[in-house]
Amino acid sequence: MKKTAPLFTIAIWFILGFGTQQALAQLSEKEFIDYLVLVKNSKGEVFQKIQGTTDIDQVKPILPNARFRIASITKLFTAVIAMQLVDEGKLSLENSMSEFLDYPDIKYADQITIRDLLQHTSGLQPENPVGYIKAFSPTEMIQRFATKKPNKPGEEHFYNNIDFLLLGQILEEVTGMSFKENLQTRILEPLEMEDSGLITTFELPEKIVPDYRVKSGKRKKGFKIHCENFWAAGAMYSTASDLLSFSEGIKAGKLLSKEAVKTIFTPDASFGYAALGCWVFNIPYVKGKPAVMERRGEIVGSRSVLMTNLDGPETVIVLSNTDQFDQNTFGVQDNLKEYLFKRMFK
């Protein structure tokens, strides 16, 4: 007899509007889609809903303050630190990487700019997934994968993690501090993000929600990889409430000058609306087509997305610990994140 997964749904109202409650109540409760959703609507009301479990036997419910791997949402943190250094006059977006790092085997190193790395227009190719089977330092990852037939920088968009490993090393070189120290002192402490940090070990810290794959209707443990290898490109963990603090902190100017906020959120349509460490576009299915910042993350079964209106409070954060949540949708109004985001304006 097939084992049916127990379903835990926890709804927490901080200040709740009926429209938001209704939207979350209509979320799919499919057996293996586990998630923590936090939303903020146009009235500034915040609502959180949780569905699912953290263990392979599907007994322990996901808790409101659960810490998830946020994968490539880490890149937005790295981009903010880079823009802080621009604000401080210690870095320019037009500096080349070769001004700070010595990688003679990387073609075009003297032409790849900080902006290119932030926008994935460096010409460097995506790394091979085998780079996460063994433990490698950022330098080893760069030496292994950054020399693989690069294209000329500034001409095409190639999404990869190497760009942000290079950025992490540049930030360390400029500040004389580790990336982890920069993250802690420049973002996490000022915004009081006490449940966020950087994963530096192969084994996940105890309080981080493990992730799972679903195969043939059964939950399987996620593939064991060296998450720490993602470093400044994807090794962070966080909570939904901390990510809301981060998003609002950027928009409110708590971390960057107005000019830096404008720069980091200025997209290039020719590169798929890539901005710096994120994507920015006018959302087509909301009245007025507001400018929206979106940042997604995915490592095995850990899936995450952060969407926020750049000119208003509307925000959607989804954190999931199974590979059944598809965060890579765009423009299909009935998909989870698009559906929720649209409803935040009602």
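So, a few notes on the structure that sits alongside this text.

Quick notes on the rules
- Residues numbered from 1 in each chain as written.
- Predicted model: local features only at pLDDT ≥ 70, side-chain atom pairs only at ≥ 80, totals over all residues.
- Heavy atoms only, no water.
- Salt bridge = Lys/Arg side-chain N within 4 Å of Asp/Glu carboxyl O.
- Helix = DSSP H or I, 4+ residues; strand = E, 2+ residues; numbered from the N terminus.
- Buried < 20%, exposed > 50% of the residue type's maximum accessible area, 1.4 Å probe, protein only.
- Core = buried A, V, L, I, M, F, W, Y, C linked by side-chain atoms within 4.5 Å.
- Contact = heavy atoms within 4.5 Å.
- Axes fitted to C-alpha atoms, helices over the stretch in contact; angles between N-to-C directions.
- Parallel < 35°, antiparallel > 145°, perpendicular 65-115°, else oblique.
- Pairing = 2+ DSSP bridges.
- Polar contact = N/O pair within 3.5 Å; in protein donor to acceptor, adjacent residues only side chain to side chain.

**Details of the pattern of salt bridges**
Part 1: Taken as a whole, this structure holds twelve salt bridges when the rule is applied.
Part 2: In this structure, the salt-bridge partner of Arg69 is Asp211, at a minimum N-O distance of 2.5 Å. With Arg69 in strand β4 (residues 68-71) and Asp211 in the loop between β5 (197-198) and β6 (212-215), this pair connects stretches of sequence that are 142 residues apart.
Part 3: For Arg69, a relative accessible area of 5% corresponds to the buried category.
Part 4: A relative accessible area of 7% places Asp211 in the buried class.
Part 5: Through salt bridges with shared partners, one network takes in Glu294, Arg296, Lys337 and Glu338.

**Things to note about the nonpolar core**
Part 1: Of all hydrophobic cores here, the largest spans 85 residues; its most connected members are Phe77, Ile106, Leu166, Ile187 and Phe246.
Part 2: Among all residues touching Phe77, those that are not within four sequence positions of it are Ile70, Leu183, Ile187, Leu188, Met193, Met236, Leu243 and Phe246.
Part 3: Membership of the second largest hydrophobic core comes to 20 residues, among which are Val37, Tyr285, Val286 and Phe325.

**A look at the packing of helix α5 (residues 162-175) against helix α6 (residues 179-188)**
Part 1: It is at 9 Å that the axes of α5 and α6 come closest, and there the two elements cross at 75 degrees. On the basis of their axis angle, the class for α5 and α6 is roughly perpendicular. Each of Gly168, Leu171, Glu172 and Thr175 in α5 lies in contact with α6, whose residues at this interface are Phe179, Asn182 and Arg186.

**Examining the pairing of β6**
Part 1: Relative to strand β7 (residues 218-221), β6 runs antiparallel, the two sharing four bridges. Across the sheet, the residue bridging to Lys215 is Lys218, located in β7.
Part 2: Hairpin remark: β6 followed by β7, antiparallel, with two residues in the connecting loop; positive phi at Ser216, about 55 degrees.

**With respect to the side chain of Ser238**
Part 1: Its place among the elements puts Ser238 in strand β8 (residues 236-238).
Part 2: The exposure class of Ser238 is buried, given its relative accessible area of 0%.
Part 3: Here the side chain of Ser238 touches Ser196 through a polar contact of 2.6 Å, side chain to side chain.
Part 4: Every residue in contact with Ser238, bar those within four places of it in the chain, is listed here: Ala66, Arg67, Phe68, Ile70, Met193, Asp195, Ser196, Leu243 and Leu319.

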